[in-house]
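# Examination of the molecular architecture
Each chain, written out:
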Amino acid sequence: MAASPPVFRFAPSPNGRLHLGHALSALANERLAARFGGRLLLRIEDIDPGRCRPDYEQGVRDDLAWLGIAFDGAVRRQSEHLDDYRAALERLAGQGLIYPCFCSRQEVKAAIAAREGDGRLWPRDPDGAPLYPGTCRTIAPDEAAARIAAGAPHVLRLAMGRALDAASTMPGGPLGWRNFDDAGGLAAVAADPARWGDAVLARREVPTSYHLSVVVDDALQGVSHVVRGRDLEAATDIHVLLQRLLGLPTPLYRFHPLLTDEAGRKLAKSRGSRSLAELRAEGATPAAIRARLGFT
Ligand code: GLU
């Protein structure tokens, strides 16, 4: 029986126009999909209702079409699949691995400040955010249910300690993944999800999160090869843990270097990096963009 072709995906968030960093990521996926004889899917990661906008999504699609990147199959828009994420949350809840957290940002900050009062530095996650101190982890289930029924705003957090215990009893060996190179060579990477603490899996304003949606979608779309920036390598710790807990396959991964500005900082919409649309308006051609990024 012939093996099914590899599946790659480019998964932008439509919360602004694409810049050169996105183009690099999309072109890296395009090149690797071609090299491995794979399919390339487009997924719109639009779960953040406060920041994602339909006109940005149109901009993303226009920019990708202008660059000449062709995608296979139907586009998956995350905001249309909240039921899939809910089902995953229910599965984790059934294993006793998530809990509601009612803390406001200020309450979390205050709890951490109190713990740092004695001069110790409270641990940070790989993105630099203090780990959640666990305030709501011990709320009794009926009390939590009553607060939710009364309409108290809350997020859902992964109980990291319990999740790691549960994962250690499941088949698959130590948690980790494999990075793939151009020649198809594989390098094993060990995951250390504990450094993220009790990560948020469902937010106040939307019943999912980046981590949960990306894991559910990669599995539902049959993604076999994930190609994304190095800024998401550490988050893969949580992704492989969720894959194990949800019984989902772990794809192969590849993390490309990030483009930086003159000051050495990662390109970001928030720092006003020039968008592809602006570069195009200034006369850049798709061929020039491809050449500038090393894709000739
Ligand atoms: N939507 C994410 C972003 O735009 C990418 C997610 C991923 O590739 O896993 O940064």
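Anything mentioned here points back to the structure above.
Quick summary incoming for the structure in this document. On a predicted model such as this, the values are computed, not experimentally measured, just so you know.

Now for the overall build of the protein. Per the secondary structure count, the protein includes 10 helices and 10 strands. With the C-alpha coordinates aligned to their principal axes, the bounding extent of the protein is approximately 60 × 50 × 40 Å. When the 296 residues of the protein are sorted by exposure, 46% land in the buried category. The long-range share in the protein, meaning contacts at least 24 apart out of those at least 6 apart in sequence, stands at 80%. If you sum the accessible surface of the protein, you get close to 14600 Å²; carbon and sulfur atoms cover 54% of it. Charge separation in the protein, taken as the distance between the mean sites of 38 positive and 35 negative side-chain charges, equals 2 Å.

Here the second largest pocket is characterised by a volume of approximately 290 Å³. As for the second largest pocket, its lining consists of 13 residues, and the residues nearest its centre are Leu20, Glu262, Leu267, Arg274 and Arg292. Looking at the lining of the second largest pocket, its residues break down into five nonpolar, four polar and four charged.

At a minimum axis distance of 10 Å, the contact between helix H3 (residues 82–94) and helix H7 (residues 210–220) shows a crossing angle of 110°. On the basis of their axis angle, the class for H3 and H7 is roughly perpendicular. Contact residues: H3 offers Asp84, Tyr85, Ala88, Leu89 and Leu92, while H7 offers Leu212, Ser213, Val216, Asp217 and Leu220. Among the residues making up the contact of H3 with H7, the classes are represented as seven nonpolar, one polar and two charged.

Every residue lining the ligand is accounted for by Arg9, Ala11, Pro12, Ser13, Glu45, Tyr210, Val214, Arg228 and Leu232. Here Ser13 contributes a side-chain N or O atom positioned 3.0 Å from a nitrogen atom of the ligand. A distance of 2.9 Å separates an oxygen atom of the ligand from a polar side-chain atom of Tyr210. Expressed as a share of its isolated accessible area of 300 Å², the protein-covered part of the ligand is 77%.

Inspection of the secondary structure puts Pro126 in the loop between helix H4 (105–116) and helix H5 (141–149). Taking the C-alpha atoms as reference, Pro126 lies 6.7 Å from Ala234; in sequence the two are 108 residues apart.

To continue, consider the nonpolar core. Counting 37 residues, the largest nonpolar core has Leu92, Leu158, Leu212, Leu241 and Leu245 as its most contacted members. Counting residues per element, the ones that place at least two in this core are H3, strand E5 (155–158), helix H6 (160–168), strand E8 (200–202), H7, helix H8 (236–246) and strand E10 (252–256). For this core, the element with the highest residue contribution is H8, accounting for six residues. Once residues lying within four places of it in the same chain are set aside, the contact partners of Leu158 are Leu97, Ile98, Tyr99, Ala163, Asp198, Ala199, Leu201, Leu241, Leu242 and Leu245. Ala33, Phe180, Val227 and Leu293 belong to the second-largest nonpolar core, a separate cluster that totals 28 residues.

Compared with the 18 Å implied by 1.5 Å per residue over 13 residues, the 18 Å span of H3 between its first and last C-alpha is a close match. Those residues of H3 not exposed but buried are Tyr85, Ala88, Leu89 and Leu92. Angularly, the buried residues of H3 cover 100° about the axis, an arc narrow enough to put them on a single face. Away from its buried face by more than 90 degrees, H3 exposes Asp83, Glu90 and Gly94. Check the buried side of H3 and you find it contacts strand E3 (76–77), strand E4 (98–101), E5, E8, H7 and H8. Just beyond H3, the residue with positive phi is Gly96, at close to 70°.

Once that is clear, we can look at the sheet that holds E5. Two strands in a sheet stick together by hydrogen bonds in their backbones, pointing the same way (parallel) or opposite ways (antiparallel). Spatially, the three strands line up as an open sheet ordered E4-E5-E8, and their pairing is antiparallel. The sheet is open, and its two borders are formed by E4 and E8, each paired with just one other strand. Ignoring strand direction, the axes of neighbouring strands in this sheet form an average angle of 45°. Pairing geometry for E5 and E8, over two bridges, is antiparallel. Each bridged residue has a counterpart across the sheet, and for Arg157 the counterpart in E8 is Val200.

What counts as what
- Residues numbered from 1 in each chain as written.
- Predicted model: local features only at pLDDT ≥ 70, side-chain atom pairs only at ≥ 80, totals over all residues.
- Heavy atoms only, no water.
- Helix = DSSP H or I, 4+ residues; strand = E, 2+ residues; numbered from the N terminus.
- Buried < 20%, exposed > 50% of the residue type's maximum accessible area, 1.4 Å probe, protein only.
- Contact = heavy atoms within 4.5 Å.
- Areas by Shrake-Rupley, 256 points an atom, 1.4 Å probe, with all protein chains shown as cover.
- Lys, Arg positive; Asp, Glu negative; His and termini not counted.
- Charge placed at Lys NZ, Arg CZ, Asp CG, Glu CD.
- 1 Å grid on protein atoms, 1.4 Å probe; cavity = no way out; pocket = protein on both sides within 12 Å on 5 of 7 lines; lining within 4 Å.
- Points joined across faces, edges and corners; volume = space filled by probe spheres on them.
- Nonpolar A, V, L, I, M, F, W, Y, C, P; charged D, E, K, R; others polar.
- Axes fitted to C-alpha atoms, helices over the stretch in contact; angles between N-to-C directions.
- Parallel < 35°, antiparallel > 145°, perpendicular 65-115°, else oblique.
- Near = heavy atom within 4 Å.
- Polar contact = N/O pair within 3.5 Å; in protein donor to acceptor, adjacent residues only side chain to side chain.
- Core = buried A, V, L, I, M, F, W, Y, C linked by side-chain atoms within 4.5 Å.
- Expected span 1.5 Å × (residues − 1).
- Arc of directions from axis to C-beta.
- Pairing = 2+ DSSP bridges.

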